[in-house]
Amino acid sequence: MKTLFHLAFPVHDFALAKQFYQHTLGCEVGRESQNALIFNFGHHQIVAHKVEQPLAEQQTIYPRHFGLIFLERKAFDAFVDKLQDKGVPFEVPLKTRFAKTAIEHQSFFLKDPSNNLLEFKFYTNEGAIFGEHAHHQ
C-alpha cells in the first residue's frame, strides 16, 4: 500500500508560515488559497489553515506536536547544521534520549510563528521507530 501522511494545522499568518516552513525548514510550497497553504513536509502533505490568532503556548511539548523522523544520520546532522547556521532558535535543544538503549535517538524541537511545536529526530536503531515493544518509556 502506497500512502502519504496528511496533517492539517492552524496558523495565524501565512507570510510568517511561508517564511518558517519554506525558507527556514526548506519545505516546497504547494497550492495556496485564502484559507489554506500546502507544504511538502518530508514528502508528506501538511496544510496550514488560517486562524485569527496564534495558538496558546503549551506548557510542555506534550500533548500536541508533529515532525519528521530522519532515516539517515548524515541527513539529520546536515539539517541540524543548516538550522544552526541560520541561527534558528531551538525550543528544546538537541539531545540524546534514552541513551545506550534500543530506543536511543537524537531529538530537538522548534516552534513555528503560530506556536505549533515540531520535533525532529533520528533513531540509532531504525527498528525502534515502530518496534522495541519491551521498552515503555
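Located above this text is the structure these notes cover.
The rules we used
One numbering rule holds for all chains: residues counted from 1, following each sequence as written. Note on the predicted model: pLDDT of at least 70 is required for a residue's local features to be given, and 80 or more for side-chain atom pairs to be given and counted; whole-chain, interface and lining totals, by contrast, use all residues. Side-chain metrics rest on all non-hydrogen atoms present in the structure, leaving aside hydrogens and water. We define a salt bridge as a side-chain nitrogen of Lys or Arg found within 4 Å of a carboxyl oxygen belonging to Asp or Glu. Secondary structure follows DSSP: runs of H or I at least 4 residues long count as helices, runs of E at least 2 residues long count as strands, and numbering of each begins at the N terminus. For the exposure calls, accessible area comes from a 1.4 Å probe over protein chains only, and a residue counts as buried if that area is under 20% of its type's maximum, exposed if over 50%, partly exposed in between. It only takes one pair of heavy atoms within 4.5 Å for two residues to be counted as in contact. Buried residues of nine kinds, namely Ala, Val, Leu, Ile, Met, Phe, Trp, Tyr and Cys, make up a nonpolar core once their side-chain atoms join them within 4.5 Å. DSSP bridges decide pairing: two strands pair if at least two such bridges lie between them. Axis geometry follows a simple rule: fit a line to the C-alpha atoms, using only the stretch in contact for helices, then measure angles between N-to-C directions, giving values from 0 to 180 degrees. Pairing of aromatic side chains here covers Phe, Tyr and the six-membered ring of Trp, requires ring centres within 6.5 Å, and sorts the geometry by plane angle: under 30 degrees stacked, over 60 edge-to-face, intermediate tilted.

Asker: Just to check I follow, could you spell out the pattern of salt bridges for this structure?
Answerer: Tallied over the full model, the rule gives five salt bridges. A salt bridge links K111 to E57, with the shortest nitrogen-to-oxygen separation between them at 2.8 Å. In this pair, K111 is assigned in strand β7 (residues 105-111) and E57 in the loop between β4 (45-50) and β5 (66-70), connecting sequence segments 54 residues apart. Judged by its relative accessible area of 23%, K111 is partly exposed. Look at E57 and you get exposed, because its relative accessible area is 52%. K121 is the salt-bridge partner of E119, the closest N and O atoms lying 3.8 Å from each other. Several salt bridges converge on common partners, so that one network encompasses E57, E91 and K111.

Asker: How do you make sense of the side chain of T24 when you look at a structure like this?
Answerer: Counting through the fold element by element, T24 comes out in helix α1 (residues 14-24). Look past the residues within four positions of T24 in its chain and what remains in contact with it is Q19, K82, L83, K86 and V88.

Asker: Is there a simple way to think about the nonpolar core in this case?
Answerer: In globular proteins that are soluble, nonpolar side chains generally tend to be buried together. Counting 27 residues, the largest nonpolar core has Y21, L25, F41, F108, L110 and F120 as the members making the most contacts within it. The contact partners of Y21, leaving out residues within four places of it in the chain, are F9, G26, C27, F39, I46, F66, D112, N116 and L118.

Asker: Help me out: how do you make sense of α1 in this one?
Answerer: When α1 is considered as a whole, its buried residues turn out to be F14, A17, F20, Y21 and T24. Where α1 terminates, the next one or two residues include G26, which has phi positive at roughly 85 degrees.

Asker: Quick question: what am I supposed to make of the sheet that holds strand β1 (residues 6-11) here?
Answerer: The strand order across the open sheet formed by four strands is β1-β4-β3-β2, and the pairing between neighbours is mixed. In the strand order of this sheet, the two ends are held by β1 and β2 (28-32), each with one partner. Between one strand axis and the next, the sheet turns by 25 degrees as a mean value, whatever way the strands run. The sheet contact formed by β2 and strand β3 (residues 36-40) spans three bridges and is antiparallel. Residue pairing across strands places E32 opposite L37, the latter belonging to β3. Each of β1, β2, β3 and β4 touches α1; the most contacted strand, β3, lies at about 0 degrees to it.

Asker: It is not clear to me how the packing of aromatic side chains should be interpreted in this structure. Could you clarify?
Answerer: Given two aromatic rings, one states the distance between the centres and the angle between the planes to describe the pair. Tallied over the full model, the rule gives 14 aromatic pairs. Between F9 and Y21, the ring centres sit 5.4 Å apart and the planes meet at 50 degrees, which makes this aromatic pair tilted. In this pair, F9 is assigned in strand β1 and Y21 in helix α1, connecting sequence segments twelve residues apart. Each of the two residues, F9 as well as Y21, counts as buried.

Everything listed here is a matter of coordinates, which is why it stays silent on function.
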